[in-house]
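Chains, contacts and geometry: an overview
Given next are the chains, with one letter for each unit.
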Amino acid sequence: MIRGYGHFVTLAESLQWDETDIDYSADRAAWPRLTDAESARVLGLIAGFVIAETSVSEELGSYQAAASDDSMEAVFRAQARDEARHARFFDLVAAEVARVPGADAAARRDALRTHVGPELVELFEERLPATARRLAEDHGGLTSAVGLYHMVIEGVVLLAGQHTMLDTLEGLSVALPGLRKGVELVLRDERWHIGFGSRIVQNADIGRDEADALLAQGESAAKVWGDLITPDAIETAVRQHRRRLKAAGIKFW
Ligand SMILES: [Fe+2]
Ligand SMILES: [Fe+2]
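Notes on the structure in this doc start here. (Residues numbered from 1 in each chain as written. Chains lettered and ligands numbered in written order. Predicted model: local features only at pLDDT ≥ 70, side-chain atom pairs only at ≥ 80, totals over all residues. Heavy atoms only, no water.)

1. Structural notes on the overall build of the protein
Within the protein, the regular secondary structure consists of ten helices and zero strands. Secondary structure of the protein in N-to-C order comes out as α-α-α-α-α-α-α-α-α-α. Whereas a compact globule of 253 residues would reach a radius of gyration of roughly 18 Å, the protein reaches 18 Å, a difference of no more than 12%. Taking the principal axes of its C-alpha atoms as reference, the protein extends roughly 55 × 35 × 30 Å. Counting every position in the protein, which comprises 253 residues, the buried fraction comes to 53%. Sequence-distant contacts in the protein: of pairs separated by 6 or more residues, those separated by 24 or more amount to 84%. Total accessible area on the protein stands at roughly 11200 Å², and carbon and sulfur atoms take up 50% of it. (Helix = DSSP H or I, 4+ residues; strand = E, 2+ residues; numbered from the N terminus. Rg over C-alpha atoms; globule rule 2.2 N^0.38 Å. Buried < 20%, exposed > 50% of the residue type's maximum accessible area, 1.4 Å probe, protein only. Contact = heavy atoms within 4.5 Å. Areas by Shrake-Rupley, 256 points an atom, 1.4 Å probe, with all protein chains shown as cover.)

Following this line, the structure appears as structure tokens:
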């Protein structure tokens, strides 16, 4: 079995980008020309990502502290830098393109909560922080905490949302090229985050109960987007989740 995490740091380094380098001028001009249904859907997805990326960037510190060695710790640190950038990117789009009111990111996030269902808010603002708190107290819970963060949240919830966002942008009556560019870059980062989490799970040799719980969590978590994503997108995300768990050496009985 392959162990060691150092190559993820090298990979992260080669994929760095800056949300302020993206040109949003075409997006700003196009936003008022979206239909009401189009802007409601895109804003709902943006709201979900603002809430999600803010939460994941804030909770990664407990994971870093629970890392089993220096190489894993360095990867969590590289990932935290990505997640903070993702949170800034979606907030920037909310503020400058969708013109969500609010003096700062926290105020805009408050305004955006009404655009998503309570299940999404609960997952990111209660369940993930509670898992991170437990991990801070008991570092032995790292594998299941990574299962929730990297496999379920990033691998199912965020990936399904990102694919839906790209499909939605494709079908709009006017283009939002800055948003599309940023979402593609976020997706590129998330792929290695998920790969890193899969490696941790693979190295942990988890048992049947934990494997079943991870699969069930993936199936229920995919639904937190409500109507914002299609049943098809959920099904695809769950299928990929199952395949990823199998690739990480998990057997389903
Ligand atoms: Fe992210
Ligand atoms: Fe991530």
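From this point, the narrative continues.
2. Some words on the pattern of salt bridges
Applying the stated criterion to the full structure yields twelve salt bridges. We note a salt bridge from Arg85 to Asp82, for which the minimum N-O separation is 3.2 Å. Of this pair, Arg85 and Asp82 both sit in helix α4 (residues 70–96), three residues apart, roughly one helical turn. The pair Arg85 / Asp82 is uniform in exposure class, with both members buried. Between Glu125 and Arg113 there is a salt bridge, and its shortest N-O distance comes to 3.0 Å. Separated by twelve residues along the polypeptide, Glu125 in helix α6 (residues 118–137) and Arg113 in the loop between α5 (105–112) and α6 bring together distant segments of the chain. (Salt bridge = Lys/Arg side-chain N within 4 Å of Asp/Glu carboxyl O.)

3. A closer look at the coordination of the iron ion (ligand 2)
Here the iron ion (ligand 2) is held by Glu83 (OE), Glu154 (OE), Glu190 (OE) and His193 (ND1), and the distances to it run 1.9 to 2.2 Å. Angles of 92 to 166° at the metal separate the four donor atoms of the iron ion (ligand 2), which places the site in the irregular class. Taken in sequence order, the residues that donate to the iron ion (ligand 2) follow the motif E-x70-E-x35-E-x2-H. Separating the iron ion (ligand 2) from the iron ion (ligand 1) is a distance of 3.3 Å, and Glu83 supplies a donor atom to each of them. Of this pair, Glu154 sits in helix α7 (residues 142–170) while His193 sits in helix α8 (residues 177–204), placing them 39 residues apart in sequence. Considered together, Glu154 and His193 belong to a single accessibility category, that of buried residues. (Donors = N, O, S within 2.8 Å, 3.2 Å for Na, K, Ca; no water. Tetrahedral: all angles 85-135°; square planar, octahedral: opposite > 155°, others 65-115°.)

4. Considering unusual backbone geometry
Within the chain, Arg99 stands out as a residue other than glycine whose phi angle is a positive 50°. Examined against the element boundaries, Arg99 turns out to sit in the loop between α4 and α5.

5. Observations concerning the environment of Glu210
Note that Glu210 resides in helix α9 (residues 208–221). Accessibility expressed as a relative area gives 32% for Glu210, which makes it partly exposed.

6. Some details on the coordination of the iron ion (ligand 1)
Looking at the iron ion (ligand 1), the protein donor atoms are Glu53 (OE), Glu53 (OE), Glu83 (OE), His86 (ND1) and Glu190 (OE), and they sit 2.0 to 2.7 Å from it. Mapping the donors of the iron ion (ligand 1) onto the primary sequence yields the spacing E-x29-E-x2-H-x103-E.

7. Describing the packing of aromatic side chains
A full pass over the atoms with the stated rule returns eleven aromatic pairs. Centroid distance Phe49 to Trp225: 5.3 Å. Interplanar angle 55°. Geometry classified as tilted. Highlighted residues: Phe49 in helix α3 (residues 36–66) and Trp225 in the loop between α9 and α10 (231–247), separated in sequence by 176 residues. Assessed through its relative accessible area of 0%, Phe49 is described here as buried. Owing to a relative accessible area of 3%, Trp225 belongs among the buried residues under this scheme. (Phe/Tyr/Trp six-rings, centres within 6.5 Å; stacked < 30°, edge-to-face > 60°.)

Honestly, it's all geometry; don't read function into it.
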